[in-house]
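Coordinate inspection notes
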Protein chains: 2
Amino acid sequence: MTRAPTPELDDLDVRTLALREATRLFAERGVAGTSLQAVADAVGVSKPTLVYHFGSKDGLREAVLEQLLGHWQDELPRIMAAATAGGPRLEALLDALYAFFLEDRSRALLLLREALDRPDAFRALLRQHLTPWTGLLTQAMRAGQAAGMAHHKADPEAFVQILITTAIGVLAIGDRANALLSPEPSVDTQLSELTRIARAALHPHPQEA
Amino acid sequence: MTRAPTPELDDLDVRTLALREATRLFAERGVAGTSLQAVADAVGVSKPTLVYHFGSKDGLREAVLEQLLGHWQDELPRIMAAATAGGPRLEALLDALYAFFLEDRSRALLLLREALDRPDAFRALLRQHLTPWTGLLTQAMRAGQAAGMAHHKADPEAFVQILITTAIGVLAIGDRANALLSPEPSVDTQLSELTRIARAALHPHPQEA
DNA sequence: CCTACCGATCGGTAGG
DNA sequence: CCTACCGATCGGTAGG
C-alpha cells in the first residue's frame, strides 16, 4: 500500500485520470463509439465509479468538453496579448493557434466531433466562450483595412472564420487527408502553407494600396 | 396495391431507399450513433431485411461510401475537363467542388466522419480514387509557377490539400462554426471569401513577377 | 421480405 | 469505491 488512502486524493486521481482517458477515447472513437465500460477499463475502475463521479455518460462528455474549453479560456488572453502587442500580428496569432492544438491532438478532434454530433450545443458553446475574442480580431482587421494595411476586399468575419476552420481541419485530419496528394505534405508543411496563404490573402497588393 | 409485386423492382426500391436513409442518418448522427433499427424504421422495413441486402451494418456503411465515391468518380472527369479547358482555372475548379458538396450536405459530413472514425480506411480510399486527379492539379500549378503565373513560394501539394480540406470543412460545419463570429458569415459568404483567398494566395504579386 | 429469437453489451441503479 | 443486477437495445441468425 504505497498509495495514500485519503479519499480526497483518490477522488482527484480518479477524476483526473478518467478525464484524460475519456478525452483520448472520445477523440479517437467518438462518444457514441466509446462505452462507459471502455473508459472504466482504461482508468482501472468499475463502471459505477464513473457514474458516481460524473453522474452519467453525458456528464462525462460535458466534463471533458469543459476541461477543453477551460484550457482555451486560460490561453486566450495570453495569446491575444502577445499577438496584439505591436499591433495585431497575423503570424503570432496563427502560431499560437497551431501550438494550442498541436500540444494535444485530442483538442482538434473533439471540437470537430462535437461540431458534427451536437450542432446546437456546439454553436452555443462557441457563442458563449469565443465570440468576444474573435470580435477583437475582426475589429483589428477593419482597422487595418482602413489604414490600407489589409486587403480591402477581404470580409473580416469570413476571413477569420475560414482561418480557424482550416487550422482545426488541418490539425484534426491533416495526417489522413494528405493521402490525397503525392508526395504527402506533412502537417507542418500544411500549416506553413496555410500561414503563407493567410498572409498573401490579407495584405493588399501594392498597386492597390 | 398500386405497387408492383415484382421482387426485382422491390429489391431496387428497398436498396435505393435504404442507401438514401442510411446516408442521411450516418451523416447526421454517425455510424456508431445510428442503429440498424433506426435505418429500418426510416425505410419502413424490418431489420433483417437490411441485413439481407447489405450483409451487415458494416456492409451498409461500405455501400453508402461506395455510392458517394461513385458520384465523385462520375463528376471528376467532367469537372477536370471544364476546369482545364482554357488552361487550369482556379475559380471553375472551386465552384465545381462547392457545387458537388452543396448538392448534398451528407457528402461532406460523411467524408469528415469517415476521416475521423476510420483513419486508415479513409487514407486508402483517397489514395485509390483521388490521388491521380489531384496530381493533375499540382502538375498544372507547377507549370503555372514556371511560367510566372502562379506564386513561386506556394507549395503545390500543400496548397491543393488545404483548399480541399477547407472547402469540405466549410461545407460540412460552416453553418455551425460561424457562431464564432458576429455577424455570422453565411456558408455562401465563407465560400466566396475562400475563393478570394485562394486567388490572392495563388497569383504572384506583380512586383515579384 | 417477415416473425421470432439469440447472446452480448449498453447506460444506469441498488445497496453497501 | 465495489459487486450484483436491471431493463433496453445492440447487431445478427434461424427458419420460413
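Check the entry above for the structure.
Conventions and cut-offs
Counting starts from 1 at the beginning of each chain's written sequence and moves along it residue by residue. For naming, the first written chain is A and the first written ligand is 1, with later ones following in the order written. Where totals are concerned, whole chains, interfaces and linings use all residues; where local detail is concerned, this predicted model gives features only for residues with pLDDT of at least 70, and gives and counts side-chain atom pairs only at 80 or more. Side-chain metrics in this entry use all non-hydrogen atoms of the structure; hydrogen atoms and water are not considered. Note on contacts: a residue pair is in contact if any heavy atoms of the two residues lie within 4.5 Å. Note: buried area is the sum, over both parts, of the accessible area (probe 1.4 Å) each one loses when the two are combined. Salt bridge, as used here: a side-chain nitrogen of Lys or Arg that lies within 4 Å of a carboxyl oxygen of Asp or Glu. Counting of polar contacts relies on pairs of N or O atoms within 3.5 Å, with two restrictions inside protein: one atom must be capable of donating a hydrogen and the other of accepting it, and residues adjacent in sequence are counted only when both atoms are side-chain atoms. The way it works is that DSSP assigns letters per residue, a run of H or I at least four long becomes a helix, a run of E at least two long becomes a strand, and they are numbered from the N terminus. When residues are grouped by polarity, Ala, Val, Leu, Ile, Met, Phe, Trp, Tyr, Cys and Pro land in nonpolar, Asp, Glu, Lys and Arg in charged, and all others, Gly among them, in polar. Only protein chains enter the accessibility calculation, which uses a 1.4 Å probe; a residue whose area is less than 20% of its type maximum is buried, one above 50% is exposed, and one in between is partly exposed. Put plainly, a pocket is an open set of points on a 1 Å grid over the protein atoms alone with protein on both sides within 12 Å along at least five of seven lines, a cavity is a set where a 1.4 Å probe fits but cannot get out, and a lining residue has an atom within 4 Å of a point. Grid points are joined across faces, edges and corners, and a volume is the space filled by probe spheres set on the points.

1. Examining the interface of chain A and chain B
The interface is formed by 57 residues belonging to chain A together with 57 residues belonging to chain B. Carbon and sulfur atoms supply 66% of the area that chain A and chain B bury against each other, a total of about 5200 Å² over both sides. With a shortest N-O distance of 2.5 Å, Glu184(A) and Arg123(B) are connected by a salt bridge. Run the count over chain A and chain B and you get 33 residue pairs in polar contact (both at pLDDT 80 or more). Contributions of two or more residues to the side of chain A that touches chain B are made by helix H1 (7–29), helix H6 (105–117), helix H7 (119–129), helix H8 (131–146), helix H9 (156–177) and helix H10 (187–202) of chain A. By residue number, the principal contributor to the side of chain A that touches chain B is H9(A), which donates 15 residues. Residue composition of the side of chain A that touches chain B, by class: 28 nonpolar, 15 polar and 14 charged.

2. So, the environment of Thr138(B)
Take Thr138(B): it is sitting in helix H8 (residues 131–146). Exposure remark for Thr138(B): the relative accessible area of 6% places this residue in the buried category. C-alpha of Thr138(B) to C-alpha of Asp155(B): the two residues are 17 residues apart in sequence and 8.9 Å apart in space. If we ignore the near neighbours within four places in the chain, the residues touching Thr138(B) are Leu181(A), Pro156(B), Glu157(B) and Val160(B). Among the polar contacts made by the side chain of Thr138(B), one reaches the main-chain carbonyl oxygen of Gly135(B) at a distance of 3.0 Å.

3. Quick word on empty space enclosed by the protein
Inspection of the entire model under this criterion finds one cavity of 30 Å³ or more. Reported here for the largest cavity is a volume of approximately 50 Å³. Along the walls of the largest cavity sit Ile162(A), Leu163(A), Thr166(A), Leu194(A), Ile197(A), Ile162(B), Leu163(B), Thr166(B), Leu194(B) and Ile197(B), which together make up its complete lining. Elements supplying a minimum of two residues to the lining of the largest cavity: H9 and H10 of chain A together with helix H9 (156–177) and helix H10 (187–202) of chain B. The residue inventory of the lining of the largest cavity, partitioned by class, reads eight nonpolar, two polar and no charged.

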